[in-house]
Amino acid sequence: MKLVKMIAAGMVVGTVGMSAMGVSADEIRDGQTEAEVTVAGGELTFSNVLPKIEFAKVTLDGKDQTVQQTATNELGINDYRGVTTAWDLQVKEQAAVEGEKTFSDQGMIIKLNPTLNNTAGTALDITDENKTVATGSRFENTVGLNASLDVPKDVTAATYTTQLEWTLKNTKKKKKKK
């Protein structure tokens, strides 16, 4: 029995000794792992386009008049392209459908005093040519229109409508950081 205990004790000591011989505390082991991800750009889109801009009622009185929009009018633009270049928002009055006249055909001019994310932009008159309303960049943007309408004194009494065409366009410009 003593012999069996001594053999067993010798086997344990030998095993511990053998396993300790394979590792040295002085050895340093380095390894590297590469991590990779592909990020795809999203879209440049409208999140909100106004169905209508309504102006205050005009009562002709022999004078040219300017009336304001009757509600807050905003466009929403989302830019998830993942690029540093900007975008332009442009607007123009569409050509009249046969038999109808546009606002500008009647001498009425829609004026915008736009804001981009509550920062004032440059005022403009809407015509039949594209005009830049705002230039912006990444993520969620709100363009306030602050529209008014110039109505000449000699316009014929009627209800008028016109169509505005909004265009979002990529630019090569980089948006200035504030």
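Coordinates for the structure precede this section.
### Looking at the overall build of the protein
Then step 1. A tally of regular secondary structure across the protein gives 1 helix and 12 strands.
Then step 2. Along the protein, helices and strands appear, N-terminal first, in the series α-β-β-β-β-β-β-β-β-β-β-β-β.
Then step 3. Residue pairs in contact within the protein that sit at least 24 positions apart in sequence constitute 78% of those at least 6 positions apart.
Then step 4. Of the roughly 13,000 Å² of accessible surface on the protein, 52% is carried by carbon and sulfur atoms.

### Structural notes on unusual backbone geometry
Then step 1. The residue N117 is not glycine, and still its phi comes out positive at about 50°.
Then step 2. Owing to a relative accessible area of 37%, N117 belongs among the partly exposed residues under this scheme.
Then step 3. Despite not being glycine, N146 has its phi angle at roughly 50°, a positive value.
Then step 4. Here N146 lies in the loop between strand 10 (139–144) and strand 11 (147–151).
Then step 5. The class of N146 is partly exposed, set by a relative accessible area of 36%.

### As for the pattern of salt bridges
Then step 1. This structure, assessed with the given rule, holds 4 salt bridges.
Then step 2. For E27, the salt bridge identified is with R29, shortest N-O distance 2.9 Å.
Then step 3. The class of E27 is partly exposed, set by a relative accessible area of 43%.
Then step 4. The class of R29 is exposed, set by a relative accessible area of 64%.
Then step 5. Here R81 makes a salt bridge to D79, at a shortest N to O gap of 2.8 Å.

### Observations regarding the pairing of strand 10
Then step 1. Of the strand pairs in this sheet, strand 3 (residues 74–79) and strand 10 are connected by 6 bridges, and their pairing is antiparallel. For I77, the partnering residue across the bridge sits in strand 10 and is N141.

### Re the environment of T161
Then step 1. Locating T161 in the fold gives a position in the loop between strand 11 and strand 12 (164–174).
Then step 2. Linking T161 and K101, residues 60 residues apart in sequence, is a C-alpha distance of 8.4 Å.
Then step 3. Other than its neighbours up to four places away in sequence, T161 contacts K101 and F103.

Cut-off values and rules
Residues numbered from 1 in each chain as written. Predicted model: local features only at pLDDT ≥ 70, side-chain atom pairs only at ≥ 80, totals over all residues. Heavy atoms only, no water. Helix = DSSP H or I, 4+ residues; strand = E, 2+ residues; numbered from the N terminus. Contact = heavy atoms within 4.5 Å. Areas by Shrake-Rupley, 256 points an atom, 1.4 Å probe, with all protein chains shown as cover. Buried < 20%, exposed > 50% of the residue type's maximum accessible area, 1.4 Å probe, protein only. Salt bridge = Lys/Arg side-chain N within 4 Å of Asp/Glu carboxyl O. Pairing = 2+ DSSP bridges.

None of this, on its own, says anything about what the molecule does.
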